Amino acid sequence: MIIRLILLFAIVAILLWLIKRLFAEDPYPREIEHHTKTKSENMRQCKFCGVHVPETSIVLVGDNPYCSQDHADRDK
Ligand SMILES: [Zn+2]
């Protein structure tokens, strides 16, 4: 009887471990990879409104980054 209980406990433990692996370990690396990929782009803060904008779509006036040409003009 005790051996059966231990076996049952072991099976439950393995199942729980497998479920944990499936739900916790597998989806997260992809999620983290996705996040690091999207965050690999440098974000700059607009000098006028403080909004964070990807460096590729920023309007630079001298050394000052702006989210749009409108804000670059308004900060003068
Ligand atoms: Zn702005």
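Summary of the structure given here. Predicted model only: the values in this text are computed from it and were never measured. (Residues numbered from 1 in each chain as written. Predicted model: local features only at pLDDT ≥ 70, side-chain atom pairs only at ≥ 80, totals over all residues. Heavy atoms only, no water.)

A count of helical and extended segments in the protein gives 3 helices and 4 strands. Ordered by position from N to C terminus, the α and β elements of the protein give α-α-β-β-β-β-α. Burial status across the protein gives 11% buried among its 76 residues. Put simply, 9% of the contacts in the protein that link residues at least 6 apart link residues at least 24 apart. (Helix = DSSP H or I, 4+ residues; strand = E, 2+ residues; numbered from the N terminus. Buried < 20%, exposed > 50% of the residue type's maximum accessible area, 1.4 Å probe, protein only. Contact = heavy atoms within 4.5 Å.)

Moving on, we get to the coordination of the zinc ion. Taken together, Cys-46 (SG), Cys-49 (SG), Cys-67 (SG) and His-71 (ND1) make up the protein donors of the zinc ion, found 1.9 to 2.3 Å from the metal. Mapping the donors of the zinc ion onto the primary sequence yields the spacing C-x2-C-x17-C-x3-H. Look at Cys-49 and you get partly exposed, because its relative accessible area is 37%. (Donors = N, O, S within 2.8 Å, 3.2 Å for Na, K, Ca; no water.)

Relative to the helices and strands, Thr-56 resides in the loop between strand 2 (52-54) and strand 3 (59-61). Thr-56 sits 13 residues away from Met-43 along the chain, and the two C-alpha atoms are 8.8 Å apart.

Where nonpolar side chains cluster on the molecular surface, the patch consists of Ile-3, Leu-7, Ile-11, Ile-14, Leu-15, Trp-17, Leu-18, Ile-19, Leu-22 and Phe-23 and spans about 1100 Å² of accessible area. As for its position among the elements, Ile-3 is in helix 1 (residues 2-25). Here Ile-3 falls in the exposed class, since its relative accessible area comes to 66%. (Patch = residues over 30% accessible without salt bridge, like charges linked within 9 Å, V, L, I, M, F, W, Y side chains within 5 Å. Areas by Shrake-Rupley, 256 points an atom, 1.4 Å probe, with all protein chains shown as cover. Salt bridge = Lys/Arg side-chain N within 4 Å of Asp/Glu carboxyl O.)

So, about the side chain of His-71. Looking at the element boundaries, His-71 is found in helix 3 (residues 69-74). Not counting residues up to four positions away in its chain, the partners in contact with His-71 are Cys-46, Phe-48, Cys-49 and Tyr-66.

So, about the pattern of salt bridges. In total, this model carries 3 salt bridges according to the counting rule given. The residue Arg-74 makes a salt bridge to Asp-70 at a minimum N-O spacing of 2.8 Å. Highlighted residues: Arg-74 and Asp-70, both in helix 3, separated by 4 residues, approximately one helical turn. Overall, Asp-70 belongs to the partly exposed group, its relative accessible area being 39%.

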